Structure formats: structure tokens, C-alpha cells
Amino acid sequence: MLNLIKTNYKYALKDITILAFCFFLYGLNELLFKSIDSSLHWFFTGYYNDLLASIILLAYSNILLTIFLRKLYLNFFVLSVFIVLVGLYWEYVTPYYKQSTPDPYDILMYYIGLIIYWAVRKKIR
């Protein structure tokens, strides 16, 4: 039992690191990147946080799954369906109860975030 807890902790620690790094990058965006007047200003004000949002969601979800269901390895297809459904909800259902504007490019950013998350998890495995 103790060995299982150690294994789950090591597995969750990778996602905790990813989560912390994404929050650091979010802070940099809010404090620095958005205020820089450059050709990428549109990206940092409109899409950068969307890219980080999917990485944060996946890391956080994986931490919860690791805690409550032991180890759970989700394949790329399952994560793709999950991110697309969440993105569709955020972009096309949320405007019914919260002031926001649907943007299909946001869904693309969520998916790119998934690809980044998947690559990072494969690299640090």
C-alpha cells in the first residue's frame, strides 16, 4: 500500500510541476507579455491564456484522477475528445449565462495546449 502511494505521488508530482509552471506563465502574461507592444500582442491578449487553460485543465484533471483512481493513463484520442467537448462548451454554451464571445480559434488553442501537454508528459515520463 505504501509503495502504491509513493508511485501515485511521483506520477502526480509531474502534473503538479506542469500546473505550477503554467500558473507562472499565466502570471507573466498578465504582468508582462500583454503590456509589450509587439507583433504578438494579439496572441498574448487573445489566445495565450486559452492555450494555458487546456494544459492547466489536463494537469489538474490528471492529478485528481491519480489521487482518486490510482494511476490512469488516458490515450491521446480520449484527451482529444475531452478537450474538444470542453472547448465547445466554453465557447458555445457559456455565452448563454456569462458575457463572452464565441471564438472557434479558441478551440484550436485548447487543442494546441493538449498537444503541448501530451508532448511534455511523454518527455518527462
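Think of each chain on its own: its residues are numbered from 1, step by step along the sequence as written. Local features in this predicted model are restricted to residues of pLDDT 70 or higher, and side-chain atom pairs are both shown and tallied only at a pLDDT of 80 or more, whereas totals for entire chains, interfaces and linings draw on every residue. Heavy atoms throughout the structure, all of them, feed into the side-chain values; hydrogens and water do not.

**Structural notes on the confidence of the model for the chain**
Overall, the prediction assigns the chain a mean pLDDT of 88, with 90% of residues at 70 or greater. Every residue gets a pLDDT, meaning the predictor's confidence in that residue, from 0 to 100. Segments assigned H or I by DSSP are reported as helices when at least four residues long, segments assigned E as strands when at least two residues long, and all are numbered from the N terminus. When pLDDT is averaged over each element of the chain, helix α5 (residues 104-123) comes out on top at 94 and helix α1 (residues 2-31) at the bottom at 83.

**Re the packing of helix α3 (residues 48-69) against helix α4 (residues 76-93)**
Axes here refer to lines fitted to C-alpha atoms; in helices the fit is confined to the stretch in contact. Angles between the N-to-C directions go from 0 to 180 degrees. Their axes nearest at 11 Å, the elements α3 and α4 cross at an angle of 125°. Considering the angle they form, α3 stands oblique to α4. Relative to α4, the crossing made by α3 is right-handed. Residue-level contacts link Ala53, Ser54, Leu57, Leu58 and Ser61 of α3 to Leu79, Phe82, Ile83, Val86 and Trp90 of α4. Gly falls in the polar group here, along with every residue not listed as nonpolar (Ala, Val, Leu, Ile, Met, Phe, Trp, Tyr, Cys, Pro) or charged (Asp, Glu, Lys, Arg). Split by residue class, the contact of α3 with α4 holds 8 nonpolar, 2 polar and no charged. Relative orientations are named as follows: roughly parallel for angles under 35 degrees, roughly antiparallel for angles over 145 degrees, roughly perpendicular for angles from 65 to 115 degrees, and oblique for any other angle. Note: crossing handedness is left-handed where the near helix turns anticlockwise from the far helix by less than a right angle, and right-handed where it turns clockwise. Here, residues are in contact when the closest pair of their heavy atoms is within 4.5 Å.

**Looking at α4**
For an α-helix the count is 3.6 residues per turn, leaving residues at separations of three or four pointing the same way. The end-to-end C-alpha separation of α4 is 25 Å, in line with the 26 Å expected for 18 residues at 1.5 Å each. Residue burial is assigned from relative accessible area. The probe radius is 1.4 Å, only protein chains are included, and a residue is buried under 20% of its type maximum, exposed over 50%, and partly exposed in between. Along α4, the residues that are buried comprise Leu79, Ser80, Ile83, Val86, Gly87 and Glu91. Viewed end-on, α4 has its buried residues packed into an arc of 140°, placing them on one side of the element. Those residues of α4 that are exposed and angled more than 90 degrees off the buried face are Phe77 and Leu85. Buried residues belonging to α4 abut α3 and α5. Of the residues that open α4, the one with a side-chain oxygen 3.2 Å from the backbone nitrogen of Phe77 is Asn75. Given the number of residues in a helix, its expected span is that number minus one, multiplied by 1.5 Å. This arc describes the spread of directions from the helix axis toward the C-beta atoms. Definition of a polar contact: a pair of N or O atoms within 3.5 Å, with one able to donate and the other able to accept a hydrogen when the atoms are protein atoms, and with sequence-neighbouring residues admitted only if both atoms are side-chain atoms.

**Regarding the pattern of salt bridges**
Within this document, salt bridges are pairs made up of a side-chain nitrogen of Lys or Arg and a carboxyl oxygen of Asp or Glu, the two lying within 4 Å of each other. Taken as a whole, this structure holds 2 salt bridges when the rule is applied. Here Asp15 ties to Arg121 by a salt bridge, and the two come within 3.9 Å at their closest N and O atoms. Highlighted residues: Asp15 in helix α1 and Arg121 in helix α5, separated in sequence by 106 residues. As far as the burial class goes, Asp15 and Arg121 line up, both buried. Here Glu30 ties to Lys34 by a salt bridge, and the two come within 2.9 Å at their closest N and O atoms.

**Description of the environment of Tyr26**
Residue position: Tyr26 is located in helix α1. Given a relative accessible area of 38%, Tyr26 falls into the partly exposed group. Sequence separation between Tyr26 and Asn49 is 23 residues; the distance between their C-alpha atoms is 6.7 Å. The contact partners of Tyr26, leaving out residues within four places of it in the chain, are Asn49 and Leu52.

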